[in-house]
Amino acid sequence: MATALSEEELDNEDYYSLLNVRREASSEELKAAYRRLCMLYHPDKHRDPELKSQAERLFNLVHQAYEVLSDPQTRAIYDIYGKRGLEMEGWEVVERKRTPAEIREEFERLQREREERRLQQRTNPKGTISVGVDATDLFDRYDEEYEDVSGSGFPQIEINKMHISQSIEAPLTATDTAILSGSLSTQNGNGGGSINFALRRVTSAKGWGELEFGAGDLQGPLFGLKLFRNLTPRCFVTTNCALQFSSRGIRPGLTTVLARNLDKNTVGYLQWRWGIQSAMNTSIVRDTKTCHFTVALQLGIPHSFALISYQHKFQDDDQTRVKGSLKAGFFGTIVEYGAERKISRHSVLGAAVSIGVPQGVSLKVKLNRASQTYFFPIHLTDQLLPSAVFYATVGPLVIYLAMHRLIIKPYLRAQKEKELEKQRESTASDILQKKQEAEAAVRLMQESVRRIIEAEESRMGLIIVNAWYGKFVNDKSRKNEKVKVIDVTVPLQCLVKDSKLILTEASKAGLPGFYDPCVGEEKSLRVLYQFRGVLHQVMVPDGEALRIPKQSHRIDTDG
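Note that this is a predicted model, so its numbers are computed, not measured.

Undergrad: Looking at this structure, how should I read the overall build of the protein?
TA: On a plain count of helices and strands, the protein comes out with 9 helices and 23 strands. Across the protein, every contact between residues at least 6 apart in sequence was considered, and the portion connecting residues at least 24 apart equals 45%. As presented, the protein carries roughly 34,000 Å² of accessible surface, and 56% of it is formed by carbon and sulfur atoms.

Undergrad: Mind showing me how you'd approach the pairing of strand S3 (residues 176-187) here?
TA: The side chains of a regular strand alternate, residue by residue, between the two faces of the sheet. Here 11 bridges tie strand S2 (residues 158-171) to S3, and the two strands are oriented antiparallel to one another. Bridging from a neighbouring strand, proline 171 pairs with threonine 177 of S3. Hairpin connection between S2 and S3: a loop of 4 residues separates the two successive antiparallel strands. Bridging between S3 and strand S4 (residues 190-204) involves 12 bridges; their strand directions are antiparallel. Residue leucine 184 lies in a different strand from S4, and its bridge partner there is glycine 193. Between the end of S3 and the start of S4, which pair antiparallel, lie 2 residues, with asparagine 188 showing a positive phi angle near 50°.

Undergrad: Quick question: what am I supposed to make of the packing of aromatic side chains here?
TA: Aromatic ring pairs are described here by two measures, namely the spacing of the ring centres and the angle between the planes. Taken as a whole, this structure holds 8 aromatic pairs when the rule is applied. Between phenylalanine 139 and tyrosine 391, the ring centres sit 6.4 Å apart and the planes meet at 40°, which makes this aromatic pair tilted. Of this pair, phenylalanine 139 sits in the loop between strand S1 (126-134) and S2 while tyrosine 391 sits in helix H8 (residues 386-458), and the two are 252 residues apart along the sequence. Residue tyrosine 391 is classed as exposed on the basis of its relative accessible area, which comes to 52%. An angle of 40° between the planes, with centres 5.3 Å apart, marks the rings of phenylalanine 228 and phenylalanine 236 as tilted. Across from the ring centre of tryptophan 208, 5.1 Å away, lies the NZ or CZ of arginine 200, which sits over that ring. The positively charged end of lysine 327 is found above the aromatic ring belonging to phenylalanine 305, 4.4 Å away from the centroid.

Undergrad: I would appreciate a short explanation of the pattern of salt bridges in the present structure.
TA: Should their charged atoms come close, side chains of opposite charge can pair. The final tally for this structure, using the stated rule, is 14 salt bridges. Between glutamate 447 and arginine 450 there is a salt bridge, with the nearest N and O atoms lying 2.3 Å from each other. Here the residue glutamate 447 and the residue arginine 450 both occupy positions in helix H8, the gap between them amounting to 3 residues, near one helical turn. For glutamate 447, a relative accessible area of 39% corresponds to the partly exposed category. On the basis of relative accessible area, arginine 450 is assigned to the partly exposed category, the value being 40%. Because the salt bridges share partners, they merge into one network encompassing Glu447, Arg450, Arg451 and Glu454.

Undergrad: Can you walk me through the side chain of glutamate 521 in this structure?
TA: Counting through the fold element by element, glutamate 521 comes out in the loop between strand S20 (501-503) and strand S21 (524-531). Here lysine 471 takes part through its side chain, which lies 2.7 Å from a polar atom of the side chain of glutamate 521. Beyond its immediate sequence surroundings of up to four residues, glutamate 521 is in contact with Leu420, Arg424, Lys471 and Lys484.

Undergrad: Got a minute to help me understand the sheet that holds strand S19 (residues 484-487) in this structure?
TA: Through backbone hydrogen bonds, the strands of a sheet pair up, either in parallel or in antiparallel fashion. Strand order in the open sheet made by the 4 strands is S19-S18-S21-S22, with antiparallel pairing throughout. Pairing within the sheet leaves two strands with one partner each, and these edge strands are S19 and strand S22 (534-541). Averaged over all adjacent pairs, the angle separating strand axes in this sheet is 20°, with direction ignored. Pairing of strand S18 (residues 462-471) with S19 involves 4 bridges; the strand directions are antiparallel. Each residue of the ladder has a partner; that of tyrosine 469, found in S19, is isoleucine 486.

Undergrad: Sorry if this is basic, but what is going on with the packing of helix H4 (residues 49-70) against H8 here?
TA: Between two packed helices, the angle of one axis relative to the other and the distance separating the axes together describe the packing. One way to put it is that H4 packs onto H8 with a least axis distance of 10 Å and a crossing angle of 110°. Considering their axes alone, H4 and H8 lie roughly perpendicular with respect to each other. Seen from above, H4 lies across H8 with left-handed handedness. In this structure, H4 contributes Glu50, Leu51, Gln54, Ala55, Arg57, Leu58 and Leu61 to the contact, and H8 contributes Gln433, Glu437, Ala440, Ala441, Arg443 and Leu444. Across the contact of H4 with H8, the residue classes tally to 7 nonpolar, 2 polar and 4 charged.

Undergrad: Explain the pairing of S4 here, please?
TA: Looking at chain direction, S4 and strand S5 (residues 207-216) are connected through 10 bridges and run antiparallel. Paired with asparagine 196 across the strands is glycine 214, a residue of S5. Between S4 and S5, which pair antiparallel one after the other, the connecting turn spans 2 residues.

Undergrad: Explain the confidence of the model for the protein to me, please; I cannot follow it from the model alone.
TA: Looking at the protein, the pLDDT average stands at 82 and 85% of residues meet or exceed 70. A low-confidence stretch, residues 1-12 (pLDDT under 50), is modelled with 28 contacts involving residues beyond four sequence positions or located in other chains. This stretch, residues 89-97, has a pLDDT under 50; its non-local contacts, to residues over four places away or in other chains, come to 13 contacts.

Undergrad: It is not clear to me how the environment of serine 165 should be interpreted in this structure. Could you clarify?
TA: By the element assignment, serine 165 lies in strand S2. Since its relative accessible area comes to 19%, serine 165 is described here as buried. With residues up to four places along the chain from it excluded, the contact list for serine 165 reads Lys126, Gly127, Thr128, Gly182 and Ser183.

Undergrad: Whenever I open this one, unusual backbone geometry confuses me. Can you help?
TA: Here the amide bond leading from valine 357 into proline 358 is cis, since omega sits at 10°, within 30 degrees of zero. Tracing the backbone through its elements, the reader meets proline 358 in the loop between strand S15 (347-357) and strand S16 (360-369). Following isoleucine 548, the chain continues into proline 549 via a peptide bond in cis, with omega recorded as 10°. The residue proline 549 is located in the segment after strand S23 (546-548) in this model. A positive phi angle is found at glutamine 319, which is not glycine, with a value near 50°. For glutamine 319, the location among the structural elements is in the loop between strand S12 (305-313) and strand S13 (321-329). Given a relative accessible area of 43%, glutamine 319 falls into the partly exposed group. Positioned with a positive phi, methionine 460 is a non-glycine residue whose angle comes to about 55°. Relative to the elements of secondary structure, methionine 460 occurs in the loop between H8 and S18.

Undergrad: Looking at this model, I keep getting lost on the nonpolar core. Mind explaining?
TA: Counting 28 residues, the largest nonpolar core has Leu19, Val21, Leu30, Tyr41, Val62, Leu69 and Met445 as its most contacted members. Among the elements that line this core, the one with the most residues is H4, at 9 residues. If we ignore the near neighbours within four places in the chain, the residues touching leucine 19 are Leu30, Ala33, Leu37, Val62, Ala65, Tyr66 and Leu69. Leu462, Val496, Ala509 and Tyr529 belong to the second-largest nonpolar core, a separate cluster that totals 25 residues.

Thresholds, definitions, all that
Every chain is numbered independently, its residues counted from 1 as its sequence is written. A pLDDT threshold of at least 70 governs which residues receive local features in this predicted model, and a stricter bar of 80 or more applies before side-chain atom pairs are shown or counted, although totals over entire chains, interfaces and linings include all residues. As a rule here, side-chain values come from all non-hydrogen atoms in the structure, and water together with hydrogens is ignored. Each helix corresponds to a stretch of at least 4 residues labelled H or I by DSSP, and each strand to a stretch of at least 2 residues labelled E; elements are numbered beginning at the N terminus. Any two residues whose heavy atoms approach within 4.5 Å at even a single point are treated as in contact. Note on areas: Shrake-Rupley with a 1.4 Å probe; residue coverage comes only from the protein chains shown. Strand pairing is defined by DSSP finding a minimum of two bridges between the two strands. Any two of the Phe, Tyr and Trp rings considered here, Trp counted by its six-membered ring, make a pair once their centres fall within 6.5 Å; the pair's planes then place it as stacked at under 30 degrees, edge-to-face at over 60, or tilted in between. With a 1.4 Å probe rolled over the protein chains alone, any residue whose accessible area is under 20% of its type maximum counts as buried; one over 50% counts as exposed, and the rest are partly exposed. Consider the ring centre and the ring normal. A charge sits over the ring if Lys NZ or Arg CZ is within 6 Å of that centre and within 35 degrees of that normal. For this document, the term salt bridge refers to a Lys or Arg side-chain nitrogen within 4 Å of an Asp or Glu carboxyl oxygen. Definition of a polar contact: a pair of N or O atoms within 3.5 Å, with one able to donate and the other able to accept a hydrogen when the atoms are protein atoms, and with sequence-neighbouring residues admitted only if both atoms are side-chain atoms. Angles run from 0 to 180 degrees between N-to-C directions of axes, and those axes are lines fitted to C-alpha atoms, restricted for helices to the stretch in contact. An angle below 35 degrees is read as roughly parallel, one above 145 as roughly antiparallel, one from 65 to 115 as roughly perpendicular, and any other as oblique. A crossing counts as left-handed when the near helix is turned anticlockwise from the far one by less than a right angle, and as right-handed when that turn is clockwise. We call Asp, Glu, Lys and Arg charged. Ala, Val, Leu, Ile, Met, Phe, Trp, Tyr, Cys and Pro are nonpolar, and the rest, Gly among them, are polar. The quantity called pLDDT is the predictor's confidence in a given residue, expressed from 0 to 100. Put simply, buried Ala, Val, Leu, Ile, Met, Phe, Trp, Tyr and Cys residues joined by side-chain atoms within 4.5 Å make one nonpolar core.

Dropping the structure here:
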């Protein structure tokens, strides 16, 4: 009776969802689900020619799914490669005689080969652009003494320094990587640049080494060696040796860092730096899901300081973070506070206010866009002026809120709608076919559902009163969005057995009688059901498992 399915059907069906079984389902669970659907869709049970044709088509689809999942070899191929893997002529992917374990081993080997090919094509570019702005004229002005100077009516805001750096990686083999980097800097009319080349080799699973060569017009040639080694599973060491050649001779430098995991989220560091700006530094860093905490102490020449900083991570979609730090040493004291937030899929915007003695007040704005960083330190005043602190704090916040409401949010909404529209257009024919299949399945279920309801009513069992699947809009802020749901009362009642309904942890769109009414959007399933004469109600996100009846779903009639 079973016939071969079209390529389109193979591409658009999830066999596990179709049979409503777990991906770890046993052969007995598969057989029980298959028999249940066969009884529902068997063509011989329908006399109407149209229903008989629809039943035959759905029966063939169920039969194909069971054939694939009941055979250990084909199921392993389907789990790893999907339906495309089953279509290859001559089983080019893997031999039929291999066991599921051998098939997975072959898959892992092919995955490693693909990783190596991707490695050859990856350059991993990273860059930083920093533009320093001198805006001290906004707060420190000579209004009285220089009133007649031309152009003194407007504050003078100047760019006094700029730095640009870029680096790329070129994987040579699976263990060797070449790194090329360069930078350009200018400050108050004086500038220079440098270029560096490094070759990194992974020597083992425990360590790697890196050779670096550099040259620049401000400093002479540079030769460096960096080594990394895991001493134990919880401890590692990094050593960096450098020789800087200049007109004054050779200036050696050595930096060693010893780190140890104190617990799952805490790392302790000991650093010793000899040569230029020699120092010893110890720090403890704790990073959890909700916070990042650092405490550090450095003793050195000329810089010795103590540092404490804290960052709180909010568990929202925009990954908002607020942070503050206090740093005190021979150079003075600096207090810094700020926040950062994700403004698009690949962009994070942050701002921080720095208040120090004798540094004054500065505003630091940073934008991370993929692997590129744009940094704008704006120096506002050399003095501790309350007005500068106020405007540095409130100004960026007001500007961000205005931009987010007027520019960023509308842009992201338009982009999302455009992507959804493209997705709807590309899947329109597939969704139409799935809708027709779902409607046909519902018609075929009518007689079975009638018998199920009669049996459940006789024992005060589970009756599905109403069930809806799709996009629900309950939030008042989204009242302009359109509700997109379909009635799935009949398909759910058809899945009731012995006064129980069990849905696996998968998208409900693949269940018999279901289809996706809103491609690319978040969906939920809402069920109103009756058990032992009492109404119950539940709503679950798409992809979440559901088991009813439950006492917690009961509707409080007293309320």
